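Structural features, examined
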Amino acid sequence: MKNYKITLLKGDGIGPEIVDEAVKVLNKTAEKFNFTVEYDEALMGGCAIDATGSPLPQETIDKCKASDSVLLGAVGGPKWDTLPGSQRPEAGLLGIRGALGLFANLRPSVIFEPLQGDSPIKDEIIGGQLDIMIVRELTGGIYFGKRGRCDDEKGNPAAWDTEMYSVPEVERIARVAFDMAMKRNKKVTSVDKANVLESSRLWRETVIKVSKDYPEVELNHLYVDNCAMQLVRNPRQFDVIVTSNIFGDILSDEASMIAGSIGMLASASLAEGTLGLYEPIHGSAPDIAGQGIANPLATILSVAMMLRYSLNEPEAADAIENAVNETLKKYRTPDIASADTKQVSCSEMGDMVCSEI
Ligand code: NAD
Ligand code: IPM
Ligand code: MN
């Protein structure tokens, strides 16, 4: 029987609550599909700062590297918001992405059938269906560029960050997007700010060069401000969106709401091999932490992505997605509540998905 080693980074805020539900679902799936899972927990984020003084202890990096896959809840919270940048919980998250070489972040925005009509965007605009794959570059750009504090020319205190992309960095993320499009509807929209930023002009030139290897894929370009608008005007025009680290961060939160709630969107962060880190796109939601009302489905769906992209268990992944779809017909957490379904807690939601599996 196959055995998979998974490192759990539960993190802060709602992180532990949602990861516990995802583990329940993974265990149930393992039983059904005849594999076993061995878990190891490691500290990252605020909890790691409290326990060790560092947001990303070396032990955590080592454990992640030694595992088949990593499942993350979320990190951060007001308790650590005044720490210097390099010591914040978020620095732990960026650190693990960098240390594991997780350059490709896949953020699918899909509407589950029972949630049709529950989006804040009118149903006639969405047309009942949404299936957008945002491919976000994850280990470069302004998140990883040099930054600092200085004085401006008048002596006023100032600060700076830098956006830099190299051609190989853009090429490899573009290839991920085009390969993805070949398995989908063969359309890639590259999003940049090439009317202003030099790094975006290089991005666009490079994406165009890579597109020559994919003659079947239709490529178009949008400026990020227009893309933000187009996502609510006509989201059906999109298949695969490829974009930089910061633009992908912002556009994926927007795309999540089109799908009903940020509590529904999963993600996969992938390196060159099969190791991946799987996490909901949302954060630690300090405003609802500890109340048992968080939606665990984004994390549960991240487990489905793990089974598909890292563990090569596509049937188990399908089973989780189908179970989520069935569960949504009857049960909802408060963020996606509806009149004709029963409102449940985070933990009950996990139980309901398990019983559908
Ligand atoms: P957030 O995503 O945590 O929350 C935004 C809003 O969405 C909040 O109202 C929250 O209650 C709601 N929400 C989020 N997830 C939900 C869920 N599963 N179910 C129901 N409602 C949910 O974003 P924020 O408030 O801007 O950030 C809070 C903290 O999380 C910050 O410290 C931030 O840096 C961190 N963060 C971490 C990650 C990560 O670890 N991957 C991602 C984003 C933000
Ligand atoms: C995300 C988060 C992170 C990001 C933060 C917490 C560093 O917002 O995963 O979307 O910006 O990448
Ligand atoms: Mn984000």
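1. Re the packing of helix 8 (residues 224-233) against helix 9 (residues 245-258)
Interhelical geometry of helix 8 versus helix 9 gives an angle of 10° and a closest axis separation of 10 Å. In terms of their interaxial angle, helix 8 and helix 9 are classed as roughly parallel. In this structure, helix 8 contributes V224, C227, A228, L231 and V232 to the contact, and helix 9 contributes F247, L251, E254 and I258. Here the residues of the contact of helix 8 with helix 9 sort into 8 nonpolar, no polar and 1 charged.

2. With respect to the pattern of salt bridges
Within the structure shown, the criterion is met by 24 salt bridges. Between E279 and R97 there is a salt bridge, with the nearest N and O atoms lying 3.0 Å from each other. With a gap of 182 residues between them, E279 in strand 12 (residues 276-280) and R97 in helix 4 (residues 89-99) connect regions that are remote in the sequence. For E279, a relative accessible area of 4% gives the class buried. Taking the relative accessible area as the measure of exposure, R97 reaches 4% and is therefore buried. The partner of R308 in a salt bridge is D318, with the nearest N and O atoms 2.8 Å apart. One end of the pair, R308, is in helix 10 (residues 297-309); the other, D318, is in helix 11 (residues 314-330), with 10 residues separating them in the sequence. On the basis of relative accessibility, which here comes to 36%, the residue D318 falls in the partly exposed class. One salt-bridge network, held together by shared partners, links K10, D20 and E41.

3. What about unusual backbone geometry?
The phi dihedral of A285 falls on the positive side, at around 40°, and the residue is not glycine. Structurally, the position occupied by A285 is in the loop between strand 12 and helix 10. The exposure class assigned to A285 is partly exposed, which follows from its relative accessible area of 21%. A positive phi is found at N312, a non-glycine position, where the angle reads about 55°.

4. Points about the domain arrangement of the protein chain
Along its sequence, the protein chain is organised into domain 1 (1-105 + 265-357) and domain 2 (131-258). Here the C-alpha centre of domain 2 lies 25 Å away from the C-alpha centre of domain 1. The interface is formed by 13 residues belonging to domain 1 together with 16 residues belonging to domain 2. For the pairing of domain 1 and domain 2, the buried interface totals around 1,200 Å² over both sides, and the portion due to carbon and sulfur atoms is 67%. The three residues of domain 1 that bury the most area against domain 2 are L94, F103 and N105, which together make up 48% of that side's buried surface. If you look at where domain 1 meets domain 2, you find 0 salt bridges. At the boundary of domain 1 with domain 2, the tally comes to 2 residue pairs in polar contact (both at pLDDT 80 or more). Elements with a minimum of two residues in the side of domain 1 that touches domain 2: helix 4 and strand 4 (104-110). The biggest single contributor to the side of domain 1 that touches domain 2 is helix 4, with 3 residues.

5. With respect to the nonpolar core
Grouped together as the largest cluster of nonpolar side chains are 81 residues, with contacts concentrated most on I6, L71, L297, L307, I320, V324 and L328. The element best represented in this core is helix 10, accounting for 8 residues. If you count residues domain by domain, this core takes at least three from each of domain 1 (1-105 + 265-357) and domain 2 (131-258). When near neighbours in sequence (up to four residues on either side) are disregarded, L307 contacts L26, T29, F35, N312, E313, P314, A316, A317 and I320. The next biggest cluster of nonpolar side chains, apart from the first, holds 16 residues, and it includes I61, C64, L72 and V75.

6. A closer look at the environment of W80
Mapped onto the fold, W80 is located in the loop between strand 3 (69-74) and helix 4. Taking C-alpha positions, W80 is 9.2 Å from G45, a pair spaced 35 residues apart along the chain. Contacts of W80, omitting those with residues within four sequence positions, involve D12, G46, C47, I49, D50, R88 and P89.

7. Re the site of ligand 1
Around ligand 1, a shell composed of 21 residues is seen, among which V75, E90, G283, A285 and D287 lie nearest. Side-chain polar atom of E90 to an oxygen atom of ligand 1: 2.5 Å apart, as the coordinates give it. Protein chains shield 70% of the accessible area of ligand 1, which is 810 Å² for the free molecule. Here ligand 1 is seated within the largest pocket. Looking at side-chain class alone, the shell around ligand 1 contains 10 nonpolar, 7 polar and 4 charged residues.

8. A short note on the packing of aromatic side chains
A full pass over the atoms with the stated rule returns 3 aromatic pairs. Aromatic pair F178 and Y214: ring centres 5.0 Å apart, planes at 15°, arrangement stacked. Of this pair, F178 sits in helix 6 (residues 167-182) while Y214 sits in the loop between helix 7 (198-211) and strand 9 (218-223), and the two are 36 residues apart along the sequence. Given a relative accessible area of 0%, F178 falls into the buried group. Its end group placed over the ring of F103, R172 keeps NZ or CZ at 4.2 Å from the ring centre.

Cut-offs applied
- Residues numbered from 1 in each chain as written.
- Chains lettered and ligands numbered in written order.
- Predicted model: local features only at pLDDT ≥ 70, side-chain atom pairs only at ≥ 80, totals over all residues.
- Heavy atoms only, no water.
- Axes fitted to C-alpha atoms, helices over the stretch in contact; angles between N-to-C directions.
- Helix = DSSP H or I, 4+ residues; strand = E, 2+ residues; numbered from the N terminus.
- Parallel < 35°, antiparallel > 145°, perpendicular 65-115°, else oblique.
- Contact = heavy atoms within 4.5 Å.
- Nonpolar A, V, L, I, M, F, W, Y, C, P; charged D, E, K, R; others polar.
- Salt bridge = Lys/Arg side-chain N within 4 Å of Asp/Glu carboxyl O.
- Buried < 20%, exposed > 50% of the residue type's maximum accessible area, 1.4 Å probe, protein only.
- Domains from an automatic or database assignment.
- Buried area = accessible area lost by both parts, 1.4 Å probe.
- Polar contact = N/O pair within 3.5 Å; in protein donor to acceptor, adjacent residues only side chain to side chain.
- Core = buried A, V, L, I, M, F, W, Y, C linked by side-chain atoms within 4.5 Å.
- Near = heavy atom within 4 Å.
- Areas by Shrake-Rupley, 256 points an atom, 1.4 Å probe, with all protein chains shown as cover.
- 1 Å grid on protein atoms, 1.4 Å probe; cavity = no way out; pocket = protein on both sides within 12 Å on 5 of 7 lines; lining within 4 Å.
- Sits in = over half its atoms within 2 Å of the grid points.
- Phe/Tyr/Trp six-rings, centres within 6.5 Å; stacked < 30°, edge-to-face > 60°.
- Lys NZ or Arg CZ within 6 Å of the ring centre and 35° of its normal.

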